[in-house]
Amino acid sequence: MKIPITGQGEPIDEHVRAFIRSSIARSYDVKSMEFQDNAILIEFHEEVPEHQIRELVKQLLYVSRSLANDVLFDKRITLDYRENPMPMLESRGDIRKVADGMYMMQGTFLKLFRFFDRCVKQMADKYGAIEQEYPVLWPVELYRTINYFKEFPQQVILAATVKNTYQAKEKFAQNYDGQKNYEAVRLEEYMAPSTFGLQSAVCDTCYYLLKDKKDFDNTVYTTYNKVFRNESSQIDSLDRLKNFSVRDIMFVGEKDFVYSMLRELTGEFIGFIETFKICGKIEAANDPFFVNESLYKNIFQATSRLKYEMLAYIPFLDSHLAIGSINNHLDFFGKAFNIRLPDGKYAHSGCVGVGFERLVYSLYCQYGHNAAAWPKDLKKEIDIEE
Ligand SMILES: [Zn+2]
């Protein structure tokens with residue numbers, strides 16, 4: 001179908017195109033999408049009424065007008081490497097694909113990955129963070145309390161167990177005998193209703209565990225874990241993964257405390273970009289989202305600047321990749337989990353996180369597949385001597 005985008009005045013820029021493209025792709029099963037001067041050509045794999053898409057594009061264009069173009073920090077570096085380092089990383093064995101969006105890491109890549117986790121941990125230690133370790137599973141109760149299914153259905157990955165009856169287990173075992181040929185498992189027949197899922201963020205369990213706390217004092221936490229999203233890369237690389245690794249620093253307490261932590265940690269991220277010679281920036285985020293009512297919520301998120309991203313430039317794509325984020329949750333979790341301050345008000349919270357697969361991949365994209373040939377001053381910082 002052809003959706004007109006006329007009457008916009010100026011031609012729509014690359015940011016807006018990317019925003020529209022990813023928002024539609026997250027919500028529908030898209031076959032192809034192409035931007036023309038004053039129209040978008042879209043083909044879907046599923047049945048979609050044209051008026052629905054016309055309305056949606058209108059809304060997205062409206063939202064895009066308030067899209068942040070708020071850059072806090074911009075570090076430009078002239079880079080020579082312009083390739084996707086992925087084939088070389090794979091042929092060297094540093095990265096191996098397990099399945100779409102799932103990879104094994106070893107060697108120098110993993111060494112860098114661990115190094116950067118230690119860096120962020122040290123950042124957390126400076127603020128006296130309490131380290132916690134959580135299961136990678138979220139109970140359905142957690143999803144429900146923060147209304148996750150309604151707002152982020154495109155990211156959900158639930159886990160299911162076989163029904164606890166002899167009949168179900170026996171049938172399941174028979175039908176999925178390894179002798180048979182199958183690539184997927186049908187859930188309806190044998191599986192019990194799901195009561196937990198794979199977490200899509202590392203920090204929510206922290207707030208969940210503070211449920212009904214009274215007289216809560218300002219506290220900083222940190223955690224490292226795997227997160228899971230229903231995504232995979234268009235270019236078979238580490239830019240979009242089903243399973244990736246994040247360290248978060250979380251801070252819960254008074255509003256002013258949360259703001260001062262956000263300020264401090266934004267400063268830390270700027271130092272991080274400088275120290276590790278990352279060509280990148282810190283910019284207000286315009287997350288694409290599943291297009292229901294949250295579309296309108298996002299207008300406010302975009303305008304009140306609740307989320308910034310640390311972005312690395314990817315030369316071979318001529319675009320940026322988010323390697324970290326800075327989030328102000330206001331009192332969202334305080335209210336959802338009834339976390340109260342000594343004065344009886346709801347606690348505010350915020351978090352910053354760094355994703356290590358993307359961070360390390362970005363450095364390879366910027367400086368080349370051979371870490372031994374990276375700039376000397378960078379190698380000194382990251383302790384690579386090969
Ligand atoms: Zn977080």
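Our subject in this report is the structure included herewith. Here the structure is a predicted model, which is why all the values come from computation and not from measurement.

## A few points about the packing of aromatic side chains
(1) Moving on: Scanning the model with the defined rule gives 24 aromatic pairs in all.
(2) Moving on: Summarising the aromatic geometry, the rings of Phe 115 and Phe 276 are spaced 5.8 Å apart at their centres and angled 85 degrees between planes, so their arrangement reads as edge-to-face. Remark: Phe 276 occurs in the loop between α9 (255–275) and β13 (280–284) and Phe 115 occurs in helix α4 (residues 107–126); sequence separation between them is 161 residues. Per residue, the accessibility class of Phe 115 equals that of Phe 276, and both read buried.
(3) Moving on: Relative to Phe 337, the ring of Tyr 208 lies with its centre 5.7 Å away and its plane at 75 degrees, an arrangement referred to as edge-to-face.

## As for a negative patch on the surface
(1) Moving on: Among the surface-exposed residues, Asp 215, Asp 217, Glu 254, Asp 256 and Asp 343 lie close enough to one another that they form a single negatively charged patch.
(2) Moving on: Take Asp 217: it is sitting in the loop between α8 (204–208) and β11 (219–228).
(3) Moving on: You can call Asp 217 exposed: its relative accessible area is 52%.

## Here we look at the pairing of strand β14 (residues 307–314)
(1) Moving on: Most of β14 sits inside the fold, with 8 of its 8 residues counted as buried.
(2) Moving on: Residues of β14 alternate between two faces, with Lys 307, Glu 309, Leu 311 and Tyr 313 on one and Tyr 308, Met 310, Ala 312 and Ile 314 on the opposite face, all of them buried.
(3) Moving on: One ladder, built from 5 bridges, connects β13 with β14; its direction is antiparallel. Paired with Ala 284 across the two strands is Tyr 308, which belongs to β14.
(4) Moving on: One ladder, built from 8 bridges, connects β14 with strand β15 (residues 319–330); its direction is antiparallel. The partner of Lys 307 across the bridge, within β15, is Asn 327.

## Remarks on the coordination of the zinc ion
(1) Moving on: Protein coordination at the zinc ion comes from Cys 203 (SG), Asp 248 (OD) and Cys 351 (SG), with a distance range of 2.1 to 2.3 Å.
(2) Moving on: Each donor residue of the zinc ion belongs to the same chain, and together they define the spacing C-x44-D-x102-C. Of this pair, Cys 203 sits in the loop between β10 (196–198) and α8 while Cys 351 sits in strand β16 (residues 348–355), and the two are 148 residues apart along the sequence. Neither residue differs from the other here; Cys 203 and Cys 351 are each classed as buried.

## Side note on the pairing of strand β6 (residues 102–105)
(1) Moving on: The alternating pattern of β6 places Tyr 103 and Met 105 on a buried face and Met 102 and Met 104 on a face that is not buried.
(2) Moving on: Sheet topology note: the strand β5 (residues 95–99)/β6 ladder contains 4 bridges and is antiparallel. Residue pairing for β6: Lys 97 is matched across the bridge by Tyr 103.
(3) Moving on: Between the end of β5 and the start of β6, which pair antiparallel, lie 2 residues, with Gly 101 showing a positive phi angle near 75 degrees.

Cut-offs and rules
Residues numbered from 1 in each chain as written. Predicted model: local features only at pLDDT ≥ 70, side-chain atom pairs only at ≥ 80, totals over all residues. Heavy atoms only, no water. Phe/Tyr/Trp six-rings, centres within 6.5 Å; stacked < 30°, edge-to-face > 60°. Helix = DSSP H or I, 4+ residues; strand = E, 2+ residues; numbered from the N terminus. Buried < 20%, exposed > 50% of the residue type's maximum accessible area, 1.4 Å probe, protein only. Patch = residues over 30% accessible without salt bridge, like charges linked within 9 Å, V, L, I, M, F, W, Y side chains within 5 Å. Areas by Shrake-Rupley, 256 points an atom, 1.4 Å probe, with all protein chains shown as cover. Salt bridge = Lys/Arg side-chain N within 4 Å of Asp/Glu carboxyl O. Lys, Arg positive; Asp, Glu negative; His and termini not counted. Charge placed at Lys NZ, Arg CZ, Asp CG, Glu CD. Pairing = 2+ DSSP bridges. Donors = N, O, S within 2.8 Å, 3.2 Å for Na, K, Ca; no water.

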